[in-house]
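# Per-entry structural report
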Amino acid sequence: MNPNHATGETSESEEFDVIVVGGGPAGSTAATAVALRGHRVLLLEQQTFPRYQIGESLLPSTVHGVCRILGVEEEVGRAGFKPKRGGTFRWGRNRDPWQFSFALSPRLADPTSFAYQVERSRFDAILLDNARRVGVDVRESCRVKGVLADEERVRGVNWTGPAGEIREARARYVVDASGNGSRIHGEVGGRRTYSDFFRNIAVFGYFAGGARLPKPNDGNIFCAAFDEGWLWYIPLRDDLTSVGAVVGRDNAAAIQQDPVTAWRGLIDSCPEVRDLLHGVPQATEAPYDQVRVRKDWSYWKSRLWRPGMVLVGDAACFVDPVLSSGVHLATYGALLAARSINSGLAGTLDEDRLFDEFEARYRHEYGLFHEFLVSFYDMHQDERSYFWKARKVTHVDSTELEAFVDLVGGLASGDTSLAGPGQAGARLTTTASELDQAVGRLPASDGLRNPLFESASIRQVFQEGTVLQERGVFGGPLEEESPLRPGGLVASEDGLTWVAE
């Protein structure tokens, strides 16, 4: 028997430059991006991969930006995942579905204006194996119990190993990428702010096939609004489709009492999705044979770092999944953190300045998606439905608007005068109207101009993703990168550190 397990004593501490807690996309990205600069990285993951995870629809910035920077884009491309050119929505005033194409920007036309629908068990394993290849010390079945800290900074973590032995390791930086169930995010301080506007519940499962949208959009995610909320329909393989319903929390009791019956009933309530599944049986292969429930609550932390520790992925924030932004925000935030860590380890810039840059940019990106999605919900017109009436911009209460202003500091809209809830509410109303008008122009589009790209809010929400793609595809942004704020930093040529202008 291991003596540490028998006595409860802690073994001699190990030393690393960085410890990453969690092996999902955020953790693998942070660990790999730091190891690529030659640093010693320990990654602790409580599960054993491959493991099931939801969040299967990616954005191009992850595939052609982050994955290329990490050196894993080609392997992801060889994995046989379903390509997606964008999203198809039955959402808004028009009853006819409309397309959201990733080929929004003329600078990023084919062949990089696509992403993938992925089985997360396989995609996440690819990222974690890549971390191992570049030198990360990956240890699975290791449960982190707490951090080691003094008055000045976080110094490391302690954890329980696969056999129950108690271990500890010390490092200059700890990255918490352990998800929404993180046990240690509170060590950074501050609070989690939950959005009442997005406080929904999701129930989801899988079918052994299903009809596909007409080519070339047969790989698109299909999001269809209906009275009780909205449904996603994701073609993972020819014989596997992910289907989930996002509904108000007033449905929680019925869903938790009988998830399968509730899931089936919600699908039947939406003809556009129900008809795609006519005669198709529920999947029986593990792990897709279960119907699962998740509290689909959007939140953000009021602090994202303290000396020696940084939060990324769902440990830091989560936003409604209708735009498939989950993996993007996780990997983007992890890359920002890695830049600050790499620069901190190199001693090139002041630590406070480095991590303030990380936090400002992460909040900015999250704020853009949050602002966009509130306005996107507002687009849908359904005066009969309690769900949709409650998700109008005019029903965002002043407390949440104040919290949003505190979150973004005026940066979400690029307007530093966004100083109060009244201005934030007006901004959301304007954005919702602009989105509605842009979608309304789609049927008359000549195919040469994309009305969606002409919308300032859509350009803003995808701007940083476009820069990531350009960095991956062309080795850097096509236009000179400017700091996010006066005195801010910009990314190095390889995207792995910060530099001062």
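Residues numbered from 1 in each chain as written. Predicted model: local features only at pLDDT ≥ 70, side-chain atom pairs only at ≥ 80, totals over all residues. Heavy atoms only, no water.

Another point: the side chain of T241. Relative to the assigned elements, T241 resides in strand β17 (residues 240-248). Within the structure, T241 has its side chain in polar contact with the backbone oxygen of G209 (distance 2.7 Å). In this structure the side chain of T241 is engaged in a polar contact, spanning 2.9 Å, whose partner is the side chain of R212. Filtering out sequence-adjacent residues up to four positions away, T241 remains in contact with G205, Y206, F207, G209, G210, R212, Y233, I234, P235 and L236. (Helix = DSSP H or I, 4+ residues; strand = E, 2+ residues; numbered from the N terminus. Polar contact = N/O pair within 3.5 Å; in protein donor to acceptor, adjacent residues only side chain to side chain. Contact = heavy atoms within 4.5 Å.)

Another point: the nonpolar core. Most often, soluble globular proteins have nonpolar side chains that are buried together. Of all hydrophobic cores here, the largest spans 136 residues; its most connected members are W91, W98 and Y377. With 13 residues, the single largest contributor to this core is helix α10 (residues 351-379). Ignoring any residue separated from it by four or fewer positions in sequence, one finds Y377 in contact with W91, F197, F198, N200, W230, V246, D320, V322, F387, W388 and R391. L213, F222, A245 and W263 belong to the second-largest nonpolar core, a separate cluster that totals 24 residues. (Core = buried A, V, L, I, M, F, W, Y, C linked by side-chain atoms within 4.5 Å. Buried < 20%, exposed > 50% of the residue type's maximum accessible area, 1.4 Å probe, protein only.)

Here we come to the sheet that holds strand β13 (residues 192-194). Read across the open sheet, the three strands follow the order β13-β19-β22; overall the sheet is antiparallel. Whereas interior strands pair on both sides, the edge strands pair on one side only; in this sheet they are β13 and β22 (317-318). Here three bridges tie β13 to strand β19 (residues 299-301), and the two strands are oriented antiparallel to one another. Each bridged residue has a counterpart across the sheet, and for Y194 the counterpart in β19 is Y299. Packing of α10 onto the sheet brings it into contact with β19 and β22, and relative to β19 it is tilted by some 165°. (Pairing = 2+ DSSP bridges. Axes fitted to C-alpha atoms, helices over the stretch in contact; angles between N-to-C directions.)

Time to look at α10. With 29 residues, α10 should cover 42 Å at 1.5 Å per step; its first-to-last C-alpha distance of 42 Å lies within 8% of that length. Sitting at the head of α10, D350 places a side-chain oxygen 3.1 Å from the backbone nitrogen of D352. (Expected span 1.5 Å × (residues − 1).)

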